[in-house]
Amino acid sequence: MSIQQPVISSNGDLRSTWAEVDVTRLERNLAAIRARVAPAGVMLVVKANAYGHGLKEVACRIGPQADYLGVAVLEEGIYLREAGVRTPILALGGIWGDQIPAYLEHDLTLTAPSVERLEQIDQAAAATGRKARVHLKIDTGMERIGVHYYNAGSLLEAALGCSHIIVEGIFSHFANADSADLSHARLQLERFEEVLRFYEKRSLPLPMRHMANSGAILQLPEANFDLVRPGILFYGVYPSAEAARTVRVEPALAWKSRVVYFKVVQPGHPVSYGSTWQSDAPVRVVTVPVGYGDGYFRRMSNQAQVIIGGCKYPQVGRICMDQVMVNIGSASAFNGDEVVLVGEAASGERITVEDLAGWAGTVPYEILTNINTRVPRIYLPE
Ligand SMILES: *Cc1c(COP(=O)(O)O)cnc(C)c1O
């Protein structure tokens, strides 16, 4: 059993709330994505603690099967290098201040989103006597980072003149590839293709081109190029309800806890802070040691459901920082009984991150990335 750092307990068996990550499912999801996009390669996006699945463990276990790893920020890249990960790593986000030498020192690929930053990278690389591996970032309609497609020529031109930079890649990012309406995504794709003609016109070899996130992998095979960048799909979750499900994946994460207290609650005795819920008959209520301090959002109060003994029951009263109450009606439950917060019970009942996202008024991405590091991750098979 291995546990993602940092955790409070070094022994997962002592914790009554944990997340199980099924590594075999991650491998199968990667294989399913590869089959869909071949001959394009795959950059697995492992930012934000690998979407809550554990950055180091996911990168160490699956990284060797990927062509590239994508992180958001420098620190995530350094953390992976220090953990011994040898797979190429691209930091997808912006760069500030004096970060460039640290990228070079840890053999991380840099995103160059502007001419100014590109020149800084070139100078920093010259000062250290090495070459920087860079991917040029083109903004085709996300308006986040990257040179605008209509000014991209200046960045591509400038890159040709940088002697300490290897332009290994060029990429863009979709704003709407998971929608049913793909017109904006198609417009972005056309803009990116237009930028790429720069190389053709000068008879220059193309850098590695990449644009597709999970939504585009599912819906826009024209955008596969040389590499795709799946995040949420790799973890077995679809990016939206409307995106076509052209690749079959299965959720790799289950979130579980145990019953730690049982009582009978009488009518007229409201449950939890704010007294937002009470029963009109005596009911059995159990307490489960998970709360918003673990990432079980308070917004889900009086809406969430959990599975105990193979059946779904409603969570009642406000969700606390470390505990929640569940109304099991007239059923029985015992101290230590397993509680499924996300995942599938042996009975076939299941609760998905989409369910939690619905109760919390958010997207599955936010549910997964908010499962706190206080929750130990257990990797299966052991
Ligand atoms: C997060 C991210 C991805 C992955 O997005 P998913 O929707 O999870 O597939 C890909 N590319 C970039 C630049 C990102 O920031």
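Please read all numbers here as calculations on a predicted model, not as lab measurements.

Visitor: Would you mind going over the packing of helix α1 (residues 23–37) against helix α3 (residues 55–62) with me for this structure?
Guide: The packing of two helices is summarised by the inter-axis angle and the distance between the axes. Interaxial distance between α1 and α3 falls to 11 Å at its minimum, and their mutual angle equals 60°. Looking at the two axes, α1 sits oblique to α3. The crossing of α1 and α3 is right-handed. When α1 is examined against α3, the residues Val23, Leu26, Glu27 and Leu30 are found in contact with a partner set consisting of Val58, Arg61 and Ile62. Of the residues belonging to the contact of α1 with α3, the class tally is 5 nonpolar, no polar and 2 charged.

Visitor: I keep staring at the packing of α3 against helix α4 (residues 74–82) and nothing clicks. Help me out?
Guide: The N-to-C vectors of α3 and α4 enclose an angle of 55°; their axes lie 10 Å apart at closest approach. Between α3 and α4, the angle falls in the class oblique. Crossing handedness for the pair α3 and α4: right-handed. For the pair α3 and α4, contact is made by Leu55, Lys56 and Ala59 and by Glu76, Tyr79 and Leu80, respectively. The residue inventory of the contact of α3 with α4, partitioned by class, reads 4 nonpolar, no polar and 2 charged.

Visitor: In this structure, what is going on with the environment of Gly129? I would like to understand it.
Guide: Topologically, Gly129 is positioned in the loop between α6 (115–128) and β6 (132–139). The exposure class of Gly129 is exposed, given its relative accessible area of 63%. Spatially, the C-alpha atoms of Gly129 and His164 are 8.1 Å apart, while their sequence positions differ by 35 residues.

Visitor: Can you help me understand unusual backbone geometry in this one?
Guide: In most cases, non-glycine residues show a negative phi, while peptide bonds are predominantly trans. Going from Ala38 to Pro39, the amide bond is cis rather than trans, its omega being 10°. Residue placement: Pro39 occurs in the loop between α1 and β2 (41–45). Of note, the bond from Leu380 into Pro381 is cis; its omega dihedral lies within 30 degrees of zero at -10°. Mapped onto the elements, Pro381 comes out in the segment after β19 (377–380). Within the chain, Ala50 stands out as a residue other than glycine whose phi angle is a positive 50°. With respect to the helices and strands, the residue Ala50 is situated in helix α2 (residues 47–51). Residue classification places Ala50 among the buried residues on the basis of a relative accessible area of 0%. The phi dihedral of Ser272 falls on the positive side, at around 70°, and the residue is not glycine.

Visitor: Hey, could you run me through the environment of Arg81 in this one?
Guide: By the element assignment, Arg81 lies in helix α4. As a C-alpha pair, Arg81 and Phe225 span 144 residues in sequence and 27 Å in three-dimensional space. Engagement of the side chain of Arg81 in a polar contact is seen with the backbone oxygen of Thr87, the distance being 2.9 Å. A polar atom in the side chain of Arg81 sits 3.0 Å from the backbone oxygen of His106.

Visitor: Quick question: what am I supposed to make of the pattern of salt bridges here?
Guide: Between side chains of opposite charge, pairing is possible as soon as their charged atoms come close. What the rule picks out here adds up to 16 salt bridges. Between Arg34 and Asp67 there is a salt bridge whose closest N-O contact spans 3.1 Å. Taken as a pair, Arg34 in helix α1 and Asp67 in the loop between α3 and β3 (68–71) lie far apart in primary sequence, 33 residues in all. A residue is classified by how much of its surface remains accessible, and Arg34, at 26% relative accessible area, is partly exposed. Among the charged side chains, a network of salt bridges with common partners joins Asp22, Arg25, Arg28 and Glu250.

Visitor: Looking at this model, I keep getting lost on the pairing of β2. Mind explaining?
Guide: If a strand is regular, its side chains alternate between the two faces of the sheet. By the criterion of burial, β2 is predominantly enclosed, with 5 of the 5 residues buried. Here β2 shows a buried face lined by Gly41, Met43 and Val45 and a second buried face lined by Val42 and Leu44. Pairing of β2 with strand β10 (residues 227–228), which is carried by 2 bridges, proceeds in the parallel orientation. When the bridges of β10 are listed, Val42 appears paired with Val228.

Visitor: I keep staring at the side chain of Ser172 and nothing clicks. Help me out?
Guide: One can find Ser172 in the loop between β8 (165–171) and α8 (183–201). There is a polar contact of 2.7 Å between the side chain of Ser172 and the backbone oxygen of Ile138. Beyond its immediate stretch of four places on either side in the chain, Ser172 contacts Lys137, Ile138, Asp139, Thr140, Phe192, His210, Met211 and Arg229.

Visitor: Please explain the site of the ligand as it appears in this structure.
Guide: Around the ligand sit 13 residues in total, of which Lys47, Tyr51, Ser214, Arg229 and Tyr365 are the nearest. Within the contact set of the ligand, an oxygen atom lies 2.5 Å away from a side-chain nitrogen or oxygen of Tyr51. Side-chain polar atom of Tyr365 to an oxygen atom of the ligand: 2.6 Å apart, as the coordinates give it. Protein contact buries 93% of the 390 Å² of open area that the ligand shows by itself. In terms of residue class, the shell around the ligand is built from 6 nonpolar, 4 polar and 3 charged.

Visitor: Which parts of the structure should I look at to understand the domain arrangement of the protein chain?
Guide: Put simply, an interface is often sized by how much accessible area is lost when its parts join up. The assigned domain composition of the protein chain is domain 1 (39–228) and domain 2 (253–380). Here domain 1 and domain 2 have C-alpha centroids that lie 39 Å from each other. Carbon and sulfur atoms supply 63% of the area buried between domain 1 and domain 2, which totals about 750 Å² over both sides. For domain 1, the biggest contributors to the area lost against domain 2 are Tyr51, Gly52 and His53; these three give 58% of the whole.

Calculation rules
- Residues numbered from 1 in each chain as written.
- Predicted model: local features only at pLDDT ≥ 70, side-chain atom pairs only at ≥ 80, totals over all residues.
- Heavy atoms only, no water.
- Axes fitted to C-alpha atoms, helices over the stretch in contact; angles between N-to-C directions.
- Helix = DSSP H or I, 4+ residues; strand = E, 2+ residues; numbered from the N terminus.
- Parallel < 35°, antiparallel > 145°, perpendicular 65-115°, else oblique.
- Left-handed = near helix turned anticlockwise from the far one by under 90°.
- Contact = heavy atoms within 4.5 Å.
- Nonpolar A, V, L, I, M, F, W, Y, C, P; charged D, E, K, R; others polar.
- Buried < 20%, exposed > 50% of the residue type's maximum accessible area, 1.4 Å probe, protein only.
- Polar contact = N/O pair within 3.5 Å; in protein donor to acceptor, adjacent residues only side chain to side chain.
- Salt bridge = Lys/Arg side-chain N within 4 Å of Asp/Glu carboxyl O.
- Pairing = 2+ DSSP bridges.
- Near = heavy atom within 4 Å.
- Areas by Shrake-Rupley, 256 points an atom, 1.4 Å probe, with all protein chains shown as cover.
- Domains from an automatic or database assignment.
- Buried area = accessible area lost by both parts, 1.4 Å probe.

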